[in-house]
Amino acid sequence: MSTDSDRSISTLPDGLWTQPQPTVPDLGAAEPVQRVRMPAAMVYDYSPGRARTRYLRGLEHKKILGERCPSTGEVYVAPTGVAPVSGLLTTEQVEVGPKATITSFCVVHIGFGVNAPPTPFVSALFLPDGAAVSLYGTVGEIDYDKVRIGMRVEPVWVDDDELTTSSENIRYWRPIDEPDVPAEQLKGHM
Amino acid sequence: MNDAQGGAELLHAPLVIEYGFMRTTGPVIGAFLTGLREQRVLGIRGADGRVVCPPAEYDPTTGAPLSDMVEVGAEGTVTSWSWVAEPREDEPLSTPHALALIRLDGADTSMLHVIDVPGPDSVRTGARVRIRWAEEPEGLITDIACFELLEA
């Protein structure tokens, strides 16, 4: 008899590790159990902190809110409450976008996760107008091989009755009829 | 800028990090779980002839590989226990219960499981118990829903 249950589960060369095949009383079972699902989960109550809370409450009203560095004047989004270059606390909330420019992208051929769009799709970084750094998202309403760095886009929001304090309020970004931004202007914002 | 501008209350949400492991059982544990699915309990005979249940793949004393699986009873004797007054999530019973070591008839070692009894006064070492099987067996250890007292 050669069934799956006879197969050695060792990945070591023969003889280094063996498991004896036991003699088992007749259980009358058609299908022996060979593998079991044993998920291991850690359950957290996660808080994004005060700055991200402010940002997410803005998204609930279709506003993209960055925060300004008091030293350099640059606006960071999504804000962490601290300017990453100067290390200073950000002191002013600034609405950016919603129009944005693609600063980088990737064509995804193997999606994973329950919410992954059908492949191929394009994930990209979007620099909202007025911001110093980019947001992550996906590009829609355009063929994947037509996406370019410098392309102008706008967010497509979920229906108003589905708006929550979530980044998923932006379903994807779509191209708008504006000329591309030259790559030189995106230096330092990639 | 203060919290009033961005909303008074700090947001928070459940975050579950889960690894969906699928484990191969090996032939010994696989046979044990297959037995549970058929509402039968298997142990394994150790090098000294003692029956180990739940079965071990290797002798607990000598480490020698074991292969002689034998059926034991669905009834047994409480060898030790303590009272769980406040069950936590994911325990076999959500109501207060006994957590006990139970030696099934025909076995020489005990398995850890819960006994569904109304209060700690109902349990004693030496009490006779039997398996209450899950309504829909799946070939998992949870096919033993819990134990219950044989005599009222």
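Description of the structure in this document.

Cut-offs used in this document
Residues numbered from 1 in each chain as written. Chains lettered and ligands numbered in written order. Predicted model: local features only at pLDDT ≥ 70, side-chain atom pairs only at ≥ 80, totals over all residues. Heavy atoms only, no water. Pairing = 2+ DSSP bridges. Helix = DSSP H or I, 4+ residues; strand = E, 2+ residues; numbered from the N terminus. Core = buried A, V, L, I, M, F, W, Y, C linked by side-chain atoms within 4.5 Å. Buried < 20%, exposed > 50% of the residue type's maximum accessible area, 1.4 Å probe, protein only. Contact = heavy atoms within 4.5 Å. Phe/Tyr/Trp six-rings, centres within 6.5 Å; stacked < 30°, edge-to-face > 60°.

Some thoughts on the sheet that holds strand β3 (residues 64-68) of chain A
Residue and element names in this part refer to chain A. Strand order in this open sheet of three strands is β4-β3-β5, and the pairing throughout is antiparallel. Strands at the two margins of the open sheet, each flanked by one partner only, are β4 (75-76) and β5 (92-96). As paired elements, β3 and β4 share two bridges and run antiparallel to each other. For Arg-68, the partnering residue across the bridge sits in β4 and is Val-75.

A look at the nonpolar core
All names here are of chain B. Judged by nonpolar contacts, the single largest core of 27 residues is most densely connected at Val-41, Leu-104, Ile-115 and Phe-147. Elements represented by at least two residues in this core include exactly α2 (26-37), β5 (69-72), β7 (97-104), β8 (111-115), β9 (128-133) and β10 (144-149). The element that contributes the greatest number of residues to this core is β7, accounting for four residues. For Ile-115, the contacting residues outside a window of four places in its chain are Val-78, Leu-93, His-97, Ala-98, Ala-100, Ile-102, Val-123, Val-129, Phe-147, Glu-148 and Leu-149.

A word on unusual backbone geometry
Here the residue pair Gly97(A) and Pro98(A) is connected by a cis peptide bond, since its omega of 0° sits within 30 degrees of zero. In this chain, Cys53(B) is followed by Pro54(B) through a cis amide linkage whose omega measures 0°. With respect to the element layout, Pro54(B) can be found in the loop between β4 (51-52) and β5. Phi at Gln39(B) takes a positive value of approximately 60°, unusual for a residue other than glycine.

Some thoughts on the packing of aromatic side chains
The geometry of two aromatic rings is summed up by the distance between their centres and the angle between their planes. Taken as a whole and judged by the stated rule, the model has two aromatic pairs over all chains. Considering the side-chain rings of Phe126(A) and Trp173(A), the 4.7 Å spacing of their centres and the 15° angle between planes classify their relative orientation as stacked. One end of the pair, Phe126(A), is in strand β7 (residues 121-128); the other, Trp173(A), is in strand β10 (residues 170-175), with 47 residues separating them in the sequence. Each member of the pair, Phe126(A) as well as Trp173(A), is classed as buried. With a centroid separation of 5.9 Å and an interplanar angle of 20°, the aromatic rings of Tyr19(B) and Phe21(B) are classed as stacked. Since its relative accessible area comes to 43%, Tyr19(B) is described here as partly exposed.

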